[in-house]
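Below, each chain spelled out in residue letters.
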Amino acid sequence: MNVIGLSAYYHESAACLLQDGRLVAAAEEERFSRLKHDARLPVAAFRFCLEAGGLDVTDVDCVAFYESPVKKLARQLWSGRRPDGGAALDPLRAEREIREGLGFEGRVETFEHHASHAASAFFYSGFPEAALFTVDGVGEWATTTYGRGDGDDLTLFEEVEFPDSLGLFYSAITAFLGFRVNSGEYKVMGLAPYGEPRLLNVMRTIVRDGAGGQYALDPSCFDFLAGPRMFADALGERLGGPPRAPESELTAFHHDVARSAQARLEEVLLDKVRYLHGRVPSPHLCLAGGVALNCVANGRIAREGPFARVFVPPAAGDAGGCLGAAALAHRALTGRRVSTEPLGHVYLGPRATSDEIAGQLAAAALDVLDFRGREAALLEATVDRLAAGQVVAWFHGAMEFGPRALGARSILADPRAPDLRERLNRLVKRREAFRPFAPSVLRADAAEHFALGHASPFMLHTCPVRSSIALPAVTHVDGSARPQTVDPATAPRFAGLLSAFKRRTGCAVLLNTSFNVRDEPIVCTPADALACFASTEIDALVLEDFVVDRAALPDAVRVAAVRRAAWPARERAISAVLYTFV
């Protein structure tokens, strides 16, 4: 049974392949097109899934789409927006493009947006039963849902409807603070610890409590229904200050707005999780939707909520909806849920062999160190550079699915260096100085450094740092971190690097951030990796079994890279000022 799941037309499109209920491939379209947040039909990701499964398009039993276009149209018409002159308001678009753009003539199934979110969590959690909680901007009409999963079955029994939405509230605050909607929400979360929650009572008037699972936004503060931006002038009047112009100075007022909005989000989520536990008194919670990428809130839910175990899928946002749709289609076609094993890793994307890379390096006439067949020596050479304070780009194995770099397409550094965070933000990532970096740690050593209490393979929870080693490069201003726990069984080479670094330095932790620069997707291919490496101040690139040092780059490559870095930002696939509603 071959099922391909698709998500498209919102924030980031993606495709995945289930073979007999086993997830064998998944990737976002942006990684292939190099267009950040590419929301178009995921043609390249679909082709990759076919190749990964050794399939022709005629071997696919079903294509599953992650939302209901007809129900979504009703909400689009009600909201009154007419994007592209109304051309996007077409409930037949998804199936037509699947037929014409992908050449698929077989069975197409559609599932509601929040059902796909819920399935992307429950059916990959390994839990036999669980309470289900999905929270995002908006799907068809739902913005928050409550449900239960039991064996092969999944039921959603309550929802909050558009325009009341925690996701839209947070996006409006993102826009108010001068960050890009649909991508800058992470920045609000990172900025929040610098402020005080002095505006929390004001935020409670903006997001008002409701009975049961309900809550409501004060409509006077928002303009996303018909206006050109997310928030109305009344929001600034309520908060006591004007909106921030993009790229301008961040003041104490902005810090306090971020902190207060984050506090209100966490407050509402915790209240609704407790309500859900009263309805579904399970020890297990499955949490999904774009808001579930707020790892600070996830950490509080895990620590303070009533559920003993919390599972958040690694691609909790819309990209991960393809996994849920595929699982729902498999259930509909076979009468059984997908594998009952928990999702152990997300190394589900393209990979390149060492021989392929060797040919590319030879064609580029680069002076490289070749460690083929000598993994231990490769790891020691990498540790040499990390221990010397160098920043190392790391490309190995299959690309990760989801927004986090987990040791396949990563930038690594020594977390003990006090000035490293500023250097990385300024010279490598080219982003705001307040943005934190995450640590990766061997699972067996995690408790020694982080007050986590459970494995965190997907970097989706924050927790206090409690290490006896000072880790300034990965410790946020509030003393927290967002760790990835690394299991040798699922990431043997990355675990081997952590072990080698620990033997050399006594520190089992590495700084790990995504291998990309601002406004570009995470690298996918060796060519992407070389281009990103050459255009930044990264000191060395480990490209599978090869090491390329910056000094080995020819002058012509360096000049071309400098010119590339100076190019204007790429055209964005989605709006930077208004949540993507279509």
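Residues numbered from 1 in each chain as written. Predicted model: local features only at pLDDT ≥ 70, side-chain atom pairs only at ≥ 80, totals over all residues. Heavy atoms only, no water.

Novice: Which parts of the structure should I look at to understand the overall build of the protein?
Specialist: Each helix and strand counted, the protein has 19 helices and 22 strands in total. Scaling as 2.2 N^0.38, a compact globule of 582 residues should have a C-alpha radius of gyration of about 25 Å, and the protein matches this with 23 Å. For the C-alpha atoms alone, the extent of the protein along its principal axes is close to 60 × 60 × 45 Å. For the protein, the residues scored as buried account for 59% of the 582 residues in total. (Helix = DSSP H or I, 4+ residues; strand = E, 2+ residues; numbered from the N terminus. Rg over C-alpha atoms; globule rule 2.2 N^0.38 Å. Buried < 20%, exposed > 50% of the residue type's maximum accessible area, 1.4 Å probe, protein only.)

Novice: Honestly, the sheet that holds strand S5 (residues 107–110) in this entry has me stumped. Any pointers?
Specialist: The strands making up a sheet associate through backbone hydrogen bonding, with each pair oriented either parallel or antiparallel. Overall, mixed pairing links the 5 strands, which are arranged S3-S2-S1-S4-S5 in an open sheet. Looking at strand neighbours, the two that pair on one side only are strand S3 (22–28) and S5, the edges of this open sheet. Pairwise comparison of adjacent strand axes, ignoring direction, gives a mean angle of 20 degrees for this sheet. In the sheet, strand S1 (residues 2–7) pairs with strand S2 (residues 14–19) via 6 bridges, with the strands oriented antiparallel. If you follow Asn 2 over to S2, its bridge partner there is Gln 19. (Pairing = 2+ DSSP bridges. Axes fitted to C-alpha atoms, helices over the stretch in contact; angles between N-to-C directions.)

Novice: Looking at this structure, I do not really get the pattern of salt bridges. What am I missing?
Specialist: Between side chains of opposite charge, pairing is possible as soon as their charged atoms come close. The full count for this structure, using the stated rule, is 39 salt bridges. A salt bridge links Asp 545 to Arg 493; the nearest nitrogen and oxygen atoms lie 2.9 Å apart. One end of the pair, Asp 545, is in the loop between strand S21 (540–543) and strand S22 (546–549); the other, Arg 493, is in helix H17 (residues 492–505), with 52 residues separating them in the sequence. (Salt bridge = Lys/Arg side-chain N within 4 Å of Asp/Glu carboxyl O.)

Novice: Sorry if this is basic, but what is going on with unusual backbone geometry here?
Specialist: A negative phi holds for most residues other than glycine; trans holds for most peptide bonds. Residues Phe 162 and Pro 163 are joined by a peptide bond in cis, for which omega reads 10 degrees. Inspection of the secondary structure puts Pro 163 in the loop between strand S8 (153–161) and helix H6 (166–176). For Glu 247, which is not glycine, the phi torsion reads 70 degrees and is therefore positive. Structurally, Glu 247 is set in the loop between helix H9 (233–239) and helix H10 (252–279).

Novice: Would you explain the packing of aromatic side chains in this entry?
Specialist: The way to describe two aromatic rings as a pair is by their centre distance and the angle between their planes. Summed over the entire model, instances satisfying the criterion amount to 14 aromatic pairs. Consider the rings of Tyr 9 and Phe 65, whose centres lie 5.9 Å apart with planes at 50 degrees: the pair is tilted. Taken as a pair, Tyr 9 in the loop between S1 and S2 and Phe 65 in strand S4 (residues 62–65) lie far apart in primary sequence, 56 residues in all. Looking at Phe 65, the relative accessible area reads 2%, which means it is buried. (Phe/Tyr/Trp six-rings, centres within 6.5 Å; stacked < 30°, edge-to-face > 60°.)

Novice: Looking at this structure, I do not really get a negative patch on the surface. What am I missing?
Specialist: Taken together, the side chains of Asp 20, Asp 56, Asp 59 and Asp 61 present a region of like negative charge at the surface. With respect to the element layout, Asp 20 can be found in the loop between S2 and S3. Of the residues examined, Asp 20 reaches a relative accessible area of 61% and is grouped as exposed. (Patch = residues over 30% accessible without salt bridge, like charges linked within 9 Å, V, L, I, M, F, W, Y side chains within 5 Å. Areas by Shrake-Rupley, 256 points an atom, 1.4 Å probe, with all protein chains shown as cover. Lys, Arg positive; Asp, Glu negative; His and termini not counted. Charge placed at Lys NZ, Arg CZ, Asp CG, Glu CD.)

Novice: How should I be thinking about helix H18 (residues 526–534) in this particular structure?
Specialist: Since one α-helical turn is 3.6 residues long, residues separated by three or four positions face the same way. When you tally the buried positions in H18, you get 7 out of 9 residues, the bulk of the element. Within the span of H18, buried status applies to Pro 526, Asp 528, Ala 529, Leu 530, Cys 532, Phe 533 and Ala 534.

Novice: Explain the packing of helix H5 (residues 113–122) against helix H12 (residues 321–334) here, please?
Specialist: Running from N to C, H5 and H12 point in directions that differ by 85 degrees, and their axes come no closer than 7 Å. Between H5 and H12, the angle falls in the class roughly perpendicular. Packed against H5, whose contacting residues are Ala 115, Ser 116, Ala 119 and Ser 120, the element H12 presents Gly 321, Leu 323, Gly 324, Ala 325 and Leu 328 at the interface. For the contact of H5 with H12, the per-class residue count stands at 5 nonpolar, 4 polar and no charged. (Parallel < 35°, antiparallel > 145°, perpendicular 65-115°, else oblique. Contact = heavy atoms within 4.5 Å. Nonpolar A, V, L, I, M, F, W, Y, C, P; charged D, E, K, R; others polar.)

Novice: In this structure, what is going on with the side chain of Ser 165? I would like to understand it.
Specialist: Among the structural elements, Ser 165 can be located in the loop between S8 and H6. The exposure class assigned to Ser 165 is buried, which follows from its relative accessible area of 0%. Looking at Ser 165, its side chain comes within polar contact range of the main-chain oxygen of Gly 137, at 2.7 Å. Polar side-chain contacts of Ser 165 include one of 3.0 Å to the backbone nitrogen of Leu 168. Apart from the residues lying within four places of it in its own chain, the contact partners of Ser 165 are Asp 136, Gly 137, Thr 143, Tyr 215 and Leu 217. (Polar contact = N/O pair within 3.5 Å; in protein donor to acceptor, adjacent residues only side chain to side chain.)

Novice: Hey, could you run me through the pairing of S4 in this one?
Specialist: As a general feature of sheets, a regular strand has side chains that alternate between the two faces. The two faces of S4 match: Cys 62 and Ala 64 on one face and Val 63 and Phe 65 on the other face are all buried. Where S1 meets S4, 4 bridges bridge the pair, whose relative direction is parallel. Bridge pairing in S4 places Ile 4 opposite Val 63. In this structure, S4 lies alongside S5, joined through 4 bridges in parallel fashion. The partner of Cys 62 across the bridge, within S5, is Arg 107.

Novice: Explain the sheet that holds strand S15 (residues 409–413) here, please?
Specialist: Taken together, 8 strands build an open sheet; the order of strands is S13-S22-S21-S14-S15-S20-S16-S19 and the sheet is mixed. Edge positions in the open sheet fall to strand S13 (369–370) and strand S19 (484–486), since each of these has one partner strand only. Inspection of the sheet shows S21 paired to S22 by 4 bridges, in the antiparallel sense. What sits directly across from Leu 541, in S22, is Val 548.

Novice: Can you help me understand the pairing of strand S14 (residues 392–395) in this one?
Specialist: Covered by surrounding structure in S14 are Val 392 and Trp 394 together with Ala 393 and Phe 395, the residues of both alternating faces. Pairing of S14 with S15, which is carried by 4 bridges, proceeds in the antiparallel orientation. Its bridge partner being in S15, Val 392 is matched across the sheet by Leu 412. Strand direction decides the pairing type here: S14 and S21, joined by 4 bridges, are parallel. Among the inter-strand pairings, Ala 393 is bridged to a residue of S21, identified as Leu 541.

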